Amino acid sequence: MFGTKSRIAGLTLAALVGFTATAAAKDKLTVYTALEEEQLPVYKQAFEAANPNYEIEWVRDSTGVITARLLAEKANPQADAIWGLAATSLMVLDKEGMLESYKPAGYADIKDDFKDKRDNPTWVGMDAWASAICFNTVEAEKLGLPKPETWKDLLKPIYAGHIVMPNPNSSGTGFLDVAAWLQIFGEKEGWAYMDGLHQNINTYLHSGSKPCKAAGAGEYPIGISFSYPGVVLKNKGAPLEIILPKDGIGWEMEATAIMKGSKHIDGAKALADFAATADANQMYNDYYQVLASKTVQAKLPENYPADEEKLMISPNDFTSMAAKRAAILEEWQKRYGSKDAPKS
């Protein structure tokens, strides 16, 4: 009897040791991201199910904050990988020599517009999002505001104090707006446009989705944002109309990269491989409607604007905008920072 108990105890101990060893065997990947909060558990679960030896630990903030943090950590990188950051931000990091060259499995299935086309790519696109106007029809009716059709419509004096948009220093959506206006109108006229728009802006917020969410909540009648948060709110009953300005919409792609100096390089490569798969792209489609993979046909949710891809500016000079990013942001902040919302 004693021997049996000993064997059981031994087996139990062995099982516990084995369990602990298995748990300890999981490599923790520090992944920096600007994905929306609600995406994080979904993406984490999908990656870890496909790669059970790894566990993601997210570091999440808005695009500008994450980009600044990564640059500040250049001498002592803390991130293993980046999953879900604007490609223009990754181009800035690449210029600083901070990204590892890696061509993930499935790279051939990625559309050309979503690739770093060099022989040794350092980033790969995931999906794209584009600017949109979230227009609260109830609040607009109360204030007698007409529905804007173009960007230039927003310069009309009737909109003074009724518009919010993202600060491009904080938000990738804000930067894609500024980059688009500089390309659509030209540099001189683009800044003149933003000078005029500034007169009608109530507040610059520090997130790409917040202006739309604020419009949906009736805090402001007009939020310059992107389509997805507006569609979600509209489908929940918010009195929103999602407007794609006829003079063209800016867009940006989310992308994935491996940090040079990653302490878990194999895990970072596994993440880059997974991020380029058809399965991952199908997951992105729950939040974005323009996908990187050639093998996945994007599905549009109810009330999503059908002509988004047609109105996205083409060509979109990501390389030039990335090269000028610091100068553009410095100039923008100098001109318009007086209306920034407090940072929470």
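Above this note sits the structure.
Residues numbered from 1 in each chain as written. Predicted model: local features only at pLDDT ≥ 70, side-chain atom pairs only at ≥ 80, totals over all residues. Heavy atoms only, no water.

**Q** Where do I start with the overall build of the chain in this structure?
**A** Regarding its fold elements, the chain presents 13 helices and 11 strands. Computed over the C-alpha atoms, the radius of gyration of the chain is 23 Å, within 12% of the 20 Å expected from 2.2 N^0.38 for a compact globule of 344 residues. With respect to the three principal axes, the spread of C-alpha positions in the chain is 90 × 45 × 40 Å. Looking at the chain as a whole, 53% of its 344 residues are labelled buried. A separation of at least 24 residues holds for 75% of the contacts in the chain among residues at least 6 apart in sequence. Carbon and sulfur atoms provide 53% of the accessible area of the chain, an area that totals close to 15,500 Å². For the chain, the separation between the mean place of its 36 positive charges and that of its 44 negative charges on side chains is 2 Å. (Helix = DSSP H or I, 4+ residues; strand = E, 2+ residues; numbered from the N terminus. Rg over C-alpha atoms; globule rule 2.2 N^0.38 Å. Buried < 20%, exposed > 50% of the residue type's maximum accessible area, 1.4 Å probe, protein only. Contact = heavy atoms within 4.5 Å. Areas by Shrake-Rupley, 256 points an atom, 1.4 Å probe, with all protein chains shown as cover. Lys, Arg positive; Asp, Glu negative; His and termini not counted. Charge placed at Lys NZ, Arg CZ, Asp CG, Glu CD.)

**Q** I would appreciate a short explanation of the side chain of Ser 170 in the present structure.
**A** Within the fold, Ser 170 resides in the loop between strand S6 (163-166) and helix H6 (172-184). Residue classification places Ser 170 among the buried positions, given a relative accessible area of 2%. Ser 170 has contacts with Ser 62, Thr 63, Gly 64, Val 65, His 206 and Lys 343, leaving out every residue within four places of it along the chain.

**Q** How should I be thinking about helix H4 (residues 87-95) in this particular structure?
**A** Residue pairs three or four apart in sequence face the same way in an α-helix, which turns once every 3.6 residues. Extensive coverage of H4 is indicated by the burial of 8 of its 9 residues. Buried residues of H4: Ala 87, Thr 88, Ser 89, Leu 90, Met 91, Val 92, Leu 93 and Asp 94, and no others.

**Q** Help me understand the packing of aromatic side chains in this model?
**A** One pair of aromatic rings is described through two measures. These are the centre distance and the angle between the planes. Under the defined criterion, the tally for this structure stands at 16 aromatic pairs. Relative to Tyr 336, the ring of Trp 332 has its centre 5.4 Å away and its plane inclined at 70°; by these criteria the two rings are edge-to-face. Here Trp 332 and its partner Tyr 336 are both found in helix H13 (residues 318-336), 4 residues apart, which amounts to about one turn of the helix. Take Tyr 336: its relative accessible area is 1%, and that puts it in the buried class. Chaining the aromatic ring pairs together yields one cluster made of Tyr 43, Phe 47, Trp 58, Trp 83, Tyr 228, Phe 274, Tyr 284 and Tyr 287. Lys 115 extends its terminal NZ or CZ atom over the ring of Tyr 107, reaching a point 4.6 Å from the ring centre. (Phe/Tyr/Trp six-rings, centres within 6.5 Å; stacked < 30°, edge-to-face > 60°. Lys NZ or Arg CZ within 6 Å of the ring centre and 35° of its normal.)

**Q** Honestly, the pattern of salt bridges in this entry has me stumped. Any pointers?
**A** Per the counting criterion, the structure on display carries 15 salt bridges. Ionic pairing is found between Asp 94 and Arg 118, a salt bridge with its closest N-O pair at 2.6 Å. You can see Asp 94 sitting in helix H4 and its partner Arg 118 sitting in the loop between strand S4 (99-100) and strand S5 (123-136), a full 24 residues away along the chain. In this structure, the salt-bridge partner of Lys 324 is Glu 187, at a minimum N-O distance of 4.0 Å. (Salt bridge = Lys/Arg side-chain N within 4 Å of Asp/Glu carboxyl O.)

**Q** Which parts of the structure should I look at to understand the state of the cysteines?
**A** Covalent bonding between the sulfur atoms of two cysteines is what defines a disulfide. The final tally for this structure, using the stated rule, is 1 disulfide. Here Cys 134 connects covalently by a disulfide to Cys 212, the sulfurs 1.9 Å from one another. The chirality of the disulfide connecting Cys 134 with Cys 212 is left-handed, given an S-S dihedral of about -85°. Here Cys 212 lies in helix H8 (residues 210-216) and Cys 134 lies in strand S5, a separation of 78 residues in the sequence. With respect to burial, Cys 134 and Cys 212 carry one shared label: buried. (Disulfide = S-S within 2.5 Å.)

**Q** Would you take a moment to explain the environment of Phe 274 for this structure?
**A** Looking at the secondary structure, you find Phe 274 in helix H10 (residues 265-275). Along the backbone, Phe 274 and Trp 191 are 83 residues apart, and their C-alpha atoms lie at a distance of 40 Å. For Phe 274, the contacting residues outside a window of four places in its chain are Ala 46, Phe 47, Ala 50, Asn 51, Trp 83, Ala 280 and Met 283.

**Q** Help me understand unusual backbone geometry, please; the structure alone is not making it clear to me.
**A** The phi torsion of most residues other than glycine is negative, and most of the peptide bonds are trans. Note the cis peptide between Ser 314 and Pro 315, where omega equals -5°. When you line up the elements, Pro 315 lands in the loop between helix H12 (308-311) and H13.

**Q** Is there a simple way to think about the packing of helix H2 (residues 40-50) against H10 in this case?
**A** When two helices pack together, their arrangement is captured by the angle between the axes and the distance separating the axes. Packing of H2 against H10 brings their axes to within 11 Å, and their N-to-C directions diverge by 110°. In this view, H2 runs roughly perpendicular relative to H10, as classed from their interaxial angle. Note on packing geometry: the crossing formed by H2 with H10 is right-handed. Two secondary-structure elements touch here, H2 through Ala 46, Phe 47 and Ala 50 and H10 through Gly 267, Ala 270, Leu 271 and Phe 274. Its residues placed into classes, the contact of H2 with H10 shows 6 nonpolar, 1 polar and no charged. (Axes fitted to C-alpha atoms, helices over the stretch in contact; angles between N-to-C directions. Parallel < 35°, antiparallel > 145°, perpendicular 65-115°, else oblique. Left-handed = near helix turned anticlockwise from the far one by under 90°. Nonpolar A, V, L, I, M, F, W, Y, C, P; charged D, E, K, R; others polar.)

As far as function goes, none of this settles anything; it's purely spatial.
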